[in-house]
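Chain residues, written in single-letter form:
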Amino acid sequence: MIPVAYITLRELQQRVRQTLEERFALPVWVSAEISEIKVNTSGHCYLELIEKGDGDAVPRAQARAVIWRSQYQRLAARFEAETGQCLAAGIRLLAKVSVNYHEIYGFSLQILDIDPSYTLGDMERQRQLTIARLQAEGVWEMNHTLELPAVVQRIAVVSSSKAAGYQDFCNELRKSPYRFCVELFEAAVQGAAAEDSLVEALGRIALREEDFD
């Protein structure tokens, strides 16, 4: 029997790593959606990035990524300051990444930088889609059908409790000499679930129309 030429699994992995290091010697900008994100006790941020197919939620690609502690606080703070949102599942981002490959842990990406302007553009696109959905559901003009009292005091708010806009809104009301009764109807304001979540929250408000101004 003629001996078959072979290499070990480790040698194969090393060749793959060497090829990737040569091909991606410099960082590249990659667009993706965050499907999972976790900051562990060490301060490192670990993410699962995905790319979905057009018109559906089926992943076409997926990769693990990390933002090391030394960069995470700076990148996360700048992203939130410019977008008004924290890094979270469902957010699409444009990240500058280095490509890594390990013989045991496999393929992964190290995030070196994030471009908040890309996410802002995607948020505006999602906003327009949401508006179109709300208009189609017949709830976009709902507030206009209500007769306002002389002083608006009973307010229903549709938002995420963690949204910067909601916090700013409440802070402004506290500065007023008038007393307001504010009830939050929790909803996702970003990501793939935002449209359904907003419509559902508005539907709950509609069932209690007389409770609010």
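Structure: above.
The following refers to the structure shown. (Residues numbered from 1 in each chain as written. Predicted model: local features only at pLDDT ≥ 70, side-chain atom pairs only at ≥ 80, totals over all residues. Heavy atoms only, no water.)

### Details of the overall build of the chain
The test is simple: Only runs of H or I of at least four residues qualify as helices and only runs of E of at least two qualify as strands under DSSP, and these elements are numbered from the N terminus. Accessible area is worked out with a 1.4 Å probe on protein chains only. A residue is then buried under 20% of its type maximum, exposed over 50%, and partly exposed in between. Whether two residues are in contact is decided by their heavy atoms, any of which lying within 4.5 Å being enough. To be clear on the numbers: accessible area is Shrake-Rupley with a 1.4 Å probe, and residue cover counts the displayed protein chains and nothing else. The charge count treats Lys and Arg as positive and Asp and Glu as negative. His and the chain ends do not count. Note that the charge is assigned to NZ on lysines, CZ on arginines, CG on aspartates and CD on glutamates.
A tally of helices and strands in the chain yields five helices and seven strands. The order of α-helices and β-strands along the chain, N terminus first, is α-β-β-β-α-β-β-α-β-α-β-α. Across its three principal axes, the chain shows a C-alpha extent of roughly 95 × 35 × 25 Å. In the chain, buried positions account for 33% of the 213 residues. The contacts in the chain between residues at least 6 apart in sequence include a share of 60% that link residues at least 24 apart. Here the chain displays about 13,900 Å² of accessible surface, and carbon together with sulfur accounts for 54% of that area. Averaging the locations of the 23 positively and 30 negatively charged side chains of the chain gives two centres separated by 8 Å.

### Quick look at the side chain of S108
In this structure, S108 sits in strand β5 (residues 106-114). Residues in contact with S108, not counting those within four places in the same chain, are R64, S98, V99 and N100.

### Points about the nonpolar core
Test applied: Buried Ala, Val, Leu, Ile, Met, Phe, Trp, Tyr and Cys residues that are joined via side-chain atoms within 4.5 Å together make up what is termed a nonpolar core.
One finds L47, L49, I67, L87, L109, I111 and I114 to be the most contacted residues of the largest nonpolar core, which totals 23 residues. Of all the secondary-structure elements, those providing two or more residues to this core are β1 (28-39), β2 (45-52), β3 (59-67), α2 (69-83), β4 (92-102) and β5. The leading source of residues in this core is β4, at five residues. In this view, L47 contacts I34, E36, I37, A63, R64, A65, V66, I67 and I111; residues no more than four positions away in its chain are not counted. Counting ten residues, the second largest nonpolar core, distinct from the first, contains L198, V199, A201 and L202.

### Looking at the packing of aromatic side chains
This is how it is decided: Aromatic contacts are taken between Phe, Tyr and Trp rings whose centres are within 6.5 Å, Trp giving its six-membered ring; a plane angle under 30 degrees counts as stacked, one over 60 as edge-to-face, and the others as tilted.
Applying the stated criterion to the full structure yields two aromatic pairs. An angle of 90° between the planes, with centres 6.5 Å apart, marks the rings of Y46 and W68 as edge-to-face. Taken together, the positions of Y46 in strand β2 and W68 in the loop between β3 and α2 put the pair 22 residues apart, joining distant regions of the chain. For Y46, a relative accessible area of 36% corresponds to the partly exposed category.

### Overview of α2
Threshold: To estimate how far a helix should extend, the number of its residues minus one is multiplied by 1.5 Å. Working definition: the arc comes from the directions between the helix axis and the C-beta atoms, pointing outward to the latter.
Here α2 is 15 residues long and its end C-alpha atoms lie 21 Å apart, about the 21 Å a rise of 1.5 Å per residue gives. When α2 is considered as a whole, its buried residues turn out to be Q71, Y72, L75, A76, F79 and T83. Here the buried residues of α2 occupy an arc of 120° about the axis, which is enough to place them on one side. Turned more than 90 degrees away from the buried face of α2, the exposed residues are S70, Q73 and A81. If you follow the buried residues of α2, they end up packed against β1, β2, β3, β5 and α3 (116-137).

### A short note on the packing of α2 against α3
Worth spelling out the cut-off: In this analysis, axes come from line fits to C-alpha atoms, helices being fitted only over the stretch in contact, and the angle between any two N-to-C directions falls in the range 0 to 180 degrees. Orientation is classified from the angle alone, with under 35 degrees giving roughly parallel, over 145 giving roughly antiparallel, 65 to 115 giving roughly perpendicular, and any other angle giving oblique. Take the far helix as your reference; a near helix turned counterclockwise from it by less than a right angle gives a left-handed crossing, and one turned clockwise gives a right-handed crossing. In this classification, the charged set is Asp, Glu, Lys and Arg, the nonpolar set is Ala, Val, Leu, Ile, Met, Phe, Trp, Tyr, Cys and Pro, and all remaining amino acids, among them Gly, are polar.
For the pair α2 and α3, the least separation of the axes is 9 Å and the interaxial angle reads 40°. The angle between the axes of α2 and α3 places the two elements in the oblique class. The handedness of the crossing between α2 and α3 is right-handed. Contact residues: α2 offers R78, F79, E82 and T83, while α3 offers P116, T119, L120 and M123. Each residue belonging to the contact of α2 with α3 can be placed in one class, and the counts come to four nonpolar, two polar and two charged.

### Considerations on the environment of V158
Mapped onto the secondary structure, V158 falls in strand β6 (residues 154-159). Counting along the chain gives 35 residues from V158 to A193, while the straight-line C-alpha distance between them is 14 Å. When near neighbours in sequence (up to four residues on either side) are disregarded, V158 contacts F185, A187, L198, A201, L202 and I205.

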